[in-house]
Every structure is written in structure tokens, then in C-alpha cells.
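Chain by chain, the residues run as shown.
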Amino acid sequence: MSLRSTGADQIPAATLAVARAAFPKGSLAIRIRDALGVLFEDADFAAAFSTRGRPAPSPARLALVSILQFGEGLSDRQAAEAVRARIDWKYALGLELTDAGFDHSVLSEFRDRLITGSLEQSLLDMILERAVTAGLLRAGGRQRTDSTHVLMAMRTMNRLEQVHETARAALSALAAAAPDWLLTQAEPRRFDRYEVRIEDFRLPKNKAERIQLGHEIGADGHGVLRAVYSETAPAWLRDIPAVQNLRHVWIRQRLRSHRTSP
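Residues numbered from 1 in each chain as written. Predicted model: local features only at pLDDT ≥ 70, side-chain atom pairs only at ≥ 80, totals over all residues. Heavy atoms only, no water.

Before going further, it helps to spend a moment on the overall build of the protein. A count of helices and strands for the protein gives 11 helices and 0 strands. Out of the 262 residues belonging to the protein, those deemed buried represent 44%. Relative to all contacts within the protein whose residues are 6 or more apart in sequence, the contacts with residues 24 or more apart total 74%. For the protein, the exposed area adds up to about 14200 Å²; of that, 54% sits on carbon and sulfur atoms. (Helix = DSSP H or I, 4+ residues; strand = E, 2+ residues; numbered from the N terminus. Buried < 20%, exposed > 50% of the residue type's maximum accessible area, 1.4 Å probe, protein only. Contact = heavy atoms within 4.5 Å. Areas by Shrake-Rupley, 256 points an atom, 1.4 Å probe, with all protein chains shown as cover.)

Okay, here's the thing in C-alpha cells:
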């Protein structure tokens, strides 16, 4: 993908008028735009994009979407829907009311580019610089610029989404292939979290809660694998592609249990 600057310096007149009418007291997204202006420029992310290929969505806007997403605890799918449907987000991003937004997968790809290009530190530095300029941070104080927590937040979100959807796919495949067998393996309420995609509910904002959710998903996956690889389970269950994928992902993510057969 190549970088093609779209610019967001000016808020379209129609977006400005409708947002002011719809949010007379403002919102988080509106306050960020009013206080900090345009936080990023597409050129700030040039190192992560090629000069050839199909045009990429504005990385400056994707960076701001990522901040708003984290602030509201939204999944990638929910954040993409907010860009498409919410007036205050269009205001913050400088988008026309008719802008259709982008596919939610773009956000995960953008985070990968930031991590691969080691741009998370500069992203944080830009935010702090704008906050100082706007008078939101006291002069002379020490501000933490360590981007480790930013990087870990990105990786945690990607990891949670991957393992949840992997477990959900395996359970769906088992439910279709051997529903009676699956019901004998655990209480149905144990798998209630996998009835819908992870994008359809909000991930925990608290670090400890995210870690706990990861542990719970890991335990659920272990339970499925132990059951599938038990001596009493039909051997053909192990050959289901979604089950094989569950096993590989759990090994790759170091979620493997010592009680699970290879």
C-alpha cells in the first residue's frame, strides 16, 4: 500500500454545522479536535508505507481513530462503525458527513505497521508535544514518554481478538459436526462469550481485566483441546481444520496446557 495524503486541516462546513447542533456541549471526540487541532500529518507515517501500490487510508486519521477507539474501549469493528456513523467522530477526523469510512481490518493492519516500523514512540511524542502546545501539560514537569505501554496495548488488543475468534471458530465447527458430543464436555454457559464475534462487545479498558479475559479465553481453549484429544473423543474431531487452527494458535501464543496432547 502507498501513502496518499488526503488532509484533514479543515472540517467540512456541513459536518461542522451538524456536529455543533447535535452536540451543543461537545463530546470526547469534539473536545480533542477543538483542543488539539490536527494531531497528526500523513507525512509523519511515511516510513511505514511504500511509494507504490494502491492508496492507503490516511494514517493520520487512523492514528486518531486508534486514540478515540482506546478512549472509548471499542473493538476494531465498532471503531470503524463509529467513523462511518457518528457525527462527532467525523468532526474530529475532518470527514464529510457522507464519508463511508473503511473496513475494520484496516485498523489491525495499521497497528502492525506502527509496531513493525517502531513508530509507536514518535506517535506518543507527537501527542505530548501537541498537549504541551495547547497548555494541557505543565511546563517544566517530567512527562513519561516511554511507549512500552502503548505498544503492549496494541499487541494485547490484537492478541485478544485473535484467540477469541480462533476459539469461537473451533466451537462453531464442533457444534456443527458433533453437537451432542460438545454439550457433554462443559456447561453451556461456559461458552456464552463465543456466541457473537468479539467486535460486537467492548473489550475491557482496564489492563488487569484484559489480562483476566485472556486467561479465561486461554482456559476455554485448553478445555476444548483436552476434550478433543481425550481417549474417549472421536478421533476424527482432531482433523477438523478449525480445531487444528485452535491447537496451532494456542501453541504459538504460548497458551498450551501440559495436559493437552501434541
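Bringing the environment of Glu 195 into the picture now. With respect to the helices and strands, Glu 195 occurs in the loop between helix 9 (179-183) and helix 10 (207-228). For Glu 195, a relative accessible area of 62% gives the class exposed. The sequence separation of Glu 195 and Arg 168 amounts to 27 residues, and the corresponding C-alpha distance is 7.5 Å.

With respect to the helices and strands, the residue Thr 166 is situated in helix 8 (residues 148-177). Thr 166 sits in the buried class, given a relative accessible area of 7%. In sequence terms Thr 166 and Gly 221 are 55 residues apart; their C-alpha atoms lie 8.8 Å from each other. Those residues in contact with Thr 166 that lie beyond four places of it in its chain are Asn 245, Leu 246, Val 249 and Trp 250.

On to the nonpolar core, then. By size, the foremost hydrophobic cluster in this structure holds 30 residues, and its most contacted members are Phe 40, Phe 45, Val 65, Trp 89 and Phe 102. Listing elements by their share of this core, those giving two or more residues are helix 2 (28-36), helix 3 (59-72), helix 4 (76-85), helix 5 (87-93), helix 6 (105-116) and helix 7 (120-133). With 6 residues, the top contributor of residues to this core is helix 3. The contacts of Trp 89, once residues within four sequence positions are left out, are Ala 29, Val 65, Leu 68, Gln 69, Glu 72, Leu 74, Ala 79, Ala 82 and Val 83. Residues Leu 182, Ile 217, Val 224 and Ala 242 belong to the second largest nonpolar core, which totals 26 residues. (Core = buried A, V, L, I, M, F, W, Y, C linked by side-chain atoms within 4.5 Å.)

A word on the pattern of salt bridges. All chains considered together, the criterion is met by 6 salt bridges. Close ionic contact of Arg 86 with Glu 72 constitutes a salt bridge, the shortest N to O distance being 2.8 Å. Of the two residues, Arg 86 is situated in the loop between helix 4 and helix 5 and Glu 72 in helix 3; the sequence distance between them amounts to 14 residues. The residue Arg 168 makes a salt bridge to Glu 165 at a minimum N-O spacing of 3.0 Å. Of the two residues, Arg 168 and Glu 165 are both situated in helix 8; the distance of 3 residues between them amounts to about one turn of the helix. Across the pair, Glu 165 and Arg 168 agree in class, each one buried. (Salt bridge = Lys/Arg side-chain N within 4 Å of Asp/Glu carboxyl O.)

Relative to the assigned elements, Asp 88 resides in helix 5. The residues contacting Asp 88, other than those within four sequence positions of it, are Phe 23, Ser 27, Ala 29 and Ile 30.

Given a rise of 1.5 Å per residue, 12 residues ought to cover 16 Å, and the 17 Å separating the end C-alpha atoms of helix 6 matches this to within 8%. Residues of helix 6 that are buried include every one of Val 106, Leu 107, Phe 110, Arg 111, Leu 114 and Ile 115, and no others. Two residues or fewer after helix 6 comes Ser 118, characterised by a positive phi angle close to 55 degrees. (Expected span 1.5 Å × (residues − 1).)

Turning next to the packing of helix 10 against helix 11 (residues 241-252). It is the contact of helix 10 with helix 11, at a shortest axis distance of 10 Å, that shows an interaxial angle of 130 degrees. Comparing their axes, helix 11 and helix 10 come out oblique. Pair helix 10 / helix 11 crosses with left-handed handedness. Judged by residue contacts, Ile 217, Gly 218, Gly 221, His 222, Val 224, Leu 225 and Val 228 of helix 10 engage Val 243, Leu 246, Arg 247 and Trp 250 from helix 11. Of the residues contributing to the contact of helix 10 with helix 11, the split by class is 7 nonpolar, 3 polar and 1 charged. (Axes fitted to C-alpha atoms, helices over the stretch in contact; angles between N-to-C directions. Parallel < 35°, antiparallel > 145°, perpendicular 65-115°, else oblique. Left-handed = near helix turned anticlockwise from the far one by under 90°. Nonpolar A, V, L, I, M, F, W, Y, C, P; charged D, E, K, R; others polar.)

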